[in-house]
Structures are given as C-alpha cells and as structure tokens.
Amino acid sequence: MFFPFYLDWTWLLLIPALIVTIWAQAKVSSAYKKYSQIPAQSGVTGREFAQSMLRQNGVDGVAVQPVAGDMTDHFDPRNNTVNLSEGVYAKHSIAAVSIAAHECGHVLQKYKKYGPMRVRNAIVPVVNFATRLAFPLILIGILFSARVPGLEILVSIGAWVYFAVVIFQLITLPVEFNASKRAMANISASGVLTVQEQTEAKRMLSAAAMTYVAAMLASFLSFLRLFLLSRRR
Ligand SMILES: [Zn+2]
C-alpha cells in the first residue's frame, strides 16, 4: 500500500495495524509449534478424528484429504472437502486433532445453515471486487484531483468501498469462534483428548482465532486512514 500519501501523518495508523498482525502471527506460529509436538494420548490422527466427527454428526459426502504446506488447513464449501495440512492429516498431536476438529466445525456450520457463515459466503464476491477497486479509485482521486476538480470524490468512494473489507473481517469473527466452539464440543463429547489435553487444544484454537481479530483490527485501521484522507480533500 505504498501510494503517494506518505507525507500524510495518517500512515502512522498502519503501524499498530502491522504490530497487531505480526503479534498474532507470532502467537499462532508458536502455539502451533508447541502443540504439534505434543502427542495426544489416544493416538487418533487429524484425518481419523475429522472423519469420525463428520460421521457422528450425520454428515455425508464430505471428503477429508491431505493438502500441501503448513497451516494450510481449510474447508472448501464449493467441493465439500476438508483439506488438512501435512502436520495435521496423518499426525496425532494436540494441534492436529484441534485443527481438524475446527475445520469440521466449518462443515457443520454449512450443514446446519449457520447464519453468519451464509452471510460471509454470500459477500465474498463483493469483497473481492471491492478489494480490487478501492485502491485504484483512491489513487486516481489523489493523482488527478488537482487537475480535474471534483475527482477528489473518488477518494471518499474508494474509502467506503474498502469498508466492505472491514465488514467481511467482522463477519468472519463469529464464524471462526463458532467453528472452534463446535470443535471443542465434539472433542469433549468424543473423549479423543483428555481433560488436560482439551485445555491445550483450546489454547491452540484461541491463538488461531487471534489472527482473525488482528486482521479485523488491521483492516479497520486501514479504513480509518483512508476515511481521514478523504475527509481532508
Ligand atoms: Zn476457520
């Protein structure tokens, strides 16, 4: 986001945004590193737990498959696949079980028609479009408003288009927290982790959730900066 607004103090708002993002990333990385090295006593792998959790909840037709990389785990609602990373799929650590359960939490959200998940999926195309549109609009507004009077309105429009990103990050929060809540309820009911292990699983999932809180704060600060820029013109 290096546009020629660098002479403006509002770029300072991006510093806390950066700090909170780095802090959350560091927190989730260290939690993952720690809990992926602690084996769960049951010896159940991420794949096995995911499959049994889906079965227990009467979910049919969702494949659990491996995906390359670290922390690349995700549920893809378009083709109904739970994709588990290398450190989760065939491993039986606390991290593996809790992350697999979290992704299945997203599956249950889809099957139980969880409201915030539906809203989130519905606005994805709008948000993708807004992300591409906001900065070009702002840039054109800033670069040409001196020559073409009235073009500064584009800065305001760009700022409000970017607000769609903040809304998206905001609606992501209940979706993520709820997936973890469903994960912990299923872990606890299944007895796959001991009580002590469940506490650790909860810590793992809380650290992961913080990255979404950080992303929301960062997008809000970016919006605030654009809004202040637009007010000044
Ligand atoms: Zn999630």
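Report on the accompanying structure.

1. What about the coordination of the zinc ion?
Here comes step 1: Protein coordination at the zinc ion: the donors are H102 (NE2), H106 (NE2) and E176 (OE), at 2.0 to 2.1 Å from the metal.
Here comes step 2: Overall, H102 belongs to the buried group, its relative accessible area being 9%.

2. Regarding the packing of aromatic side chains
Here comes step 1: For the coordinates displayed, the defined rule picks out seven aromatic pairs.
Here comes step 2: Considering the side-chain rings of F135 and Y162, the 5.6 Å spacing of their centres and the 65° angle between planes classify their relative orientation as edge-to-face. Highlighted residues: F135 in helix α5 (residues 115-144) and Y162 in helix α6 (residues 153-190), separated in sequence by 27 residues. Y162 shares its class with F135; the two are buried.
Here comes step 3: Ring geometry for W160 and F227: centres 5.8 Å apart, planes at 80°, overall edge-to-face. Taken together, the positions of W160 in helix α6 and F227 in helix α7 (residues 195-232) put the pair 67 residues apart, joining distant regions of the chain.
Here comes step 4: Assessed through its relative accessible area of 47%, W160 is described here as partly exposed.

3. Let's talk about helix α1 (residues 14-35)
Here comes step 1: Taking 1.5 Å of rise per residue, 22 residues should cover 32 Å, and α1 covers 32 Å from first to last C-alpha, within 8% of that figure.
Here comes step 2: Considering only its buried residues, α1 is in contact with α3 (86-89), α4 (94-111) and α7.

Conventions used here
Residues numbered from 1 in each chain as written. Predicted model: local features only at pLDDT ≥ 70, side-chain atom pairs only at ≥ 80, totals over all residues. Heavy atoms only, no water. Donors = N, O, S within 2.8 Å, 3.2 Å for Na, K, Ca; no water. Buried < 20%, exposed > 50% of the residue type's maximum accessible area, 1.4 Å probe, protein only. Phe/Tyr/Trp six-rings, centres within 6.5 Å; stacked < 30°, edge-to-face > 60°. Helix = DSSP H or I, 4+ residues; strand = E, 2+ residues; numbered from the N terminus. Expected span 1.5 Å × (residues − 1). Contact = heavy atoms within 4.5 Å.

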